[in-house]
Amino acid sequence: MKMLEYVKIILSKVSFDKKLFEKELKKGLKELGIIEIKELKTWCYEKFGSLYKSILNKVFRKTA
């Protein structure tokens, strides 16, 4: 399993908890390359944008 797929699974499993989601997102980004981060960003906004938009904006702003 690719690391990107693993990070997506983890984020889906912890999406019930705002702080845990943010923590796992930050942790996952450290394991990914630039192309994978862009793919993860798109996926996160599609799947969790309505729920955690402020967290996504904050975390992905640091990776830009």
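Remember, predicted model here, so these are calculated numbers, not experimental data. (Residues numbered from 1 in each chain as written. Predicted model: local features only at pLDDT ≥ 70, side-chain atom pairs only at ≥ 80, totals over all residues. Heavy atoms only, no water.)

### Concerning the overall build of the protein chain
Selection rule: Secondary structure is summarised from DSSP: a helix means a run of H or I of at least four residues, a strand means a run of E of at least two, and numbering begins at the N terminus for each. For the radius of gyration, the atoms used are the C-alpha atoms, and the globule rule reads 2.2 Å times the number of residues raised to 0.38. To sort residues, take the accessible area from a 1.4 Å probe on protein chains only and compare it with the maximum for the residue type: under 20% means buried, over 50% means exposed, and anything in between is partly exposed.
Along its length, the protein chain carries three helices and zero strands. Scaling as 2.2 N^0.38, a compact globule of 64 residues should have a C-alpha radius of gyration of about 11 Å, and the protein chain matches this with 10 Å. Considered along the principal axes of its C-alpha atoms, the protein chain spans approximately 25 × 25 × 20 Å. Within the protein chain, the proportion of its 64 residues that are buried is 38%.

### As for the pattern of salt bridges
As a reminder of what qualifies: Any carboxyl oxygen of Asp or Glu within 4 Å of a side-chain nitrogen of Lys or Arg constitutes a salt bridge here.
Under the defined criterion, the tally for this structure stands at five salt bridges. K8 is the partner of E39 in a salt bridge, and the nearest nitrogen-oxygen pair spans 4.0 Å. Separated by 31 residues along the polypeptide, E39 in helix α3 (residues 34–61) and K8 in helix α1 (residues 3–14) bring together distant segments of the chain. For E39, a relative accessible area of 39% gives the class partly exposed. The network of salt bridges with common partners includes E5, K8 and E39.

### Quick word on the packing of α1 against α3
The condition that has to hold: Here an angle of 0 to 180 degrees is reported between the N-to-C directions of two axes, which are lines fitted to C-alpha atoms, with helices fitted over the stretch in contact. Here is the rule for angles: anything less than 35 degrees is roughly parallel, anything more than 145 is roughly antiparallel, 65 through 115 is roughly perpendicular, and the remaining ranges are oblique. By definition, any crossing whose near helix is turned counterclockwise from its far helix by less than a right angle is left-handed, and any crossing with a clockwise turn is right-handed. Note on definitions: a residue-residue contact is assigned when non-hydrogen atoms from the two residues lie within 4.5 Å. Amino acid classes used here: Ala, Val, Leu, Ile, Met, Phe, Trp, Tyr, Cys and Pro are nonpolar; Asp, Glu, Lys and Arg are charged; the rest, including Gly, are polar.
In the contact formed by α1 and α3, the axes pass within 11 Å of each other and the chain directions differ by 25°. In terms of axis orientation, α1 runs roughly parallel to α3. Crossing of α1 over α3 shows right-handed handedness. Here L4, V7, K8, L11 and S12 of α1 lie close against α3, whose contacting residues are E36, E39, L40, W43, C44, K47 and F48. By residue class, the composition of the contact of α1 with α3 is seven nonpolar, one polar and four charged.

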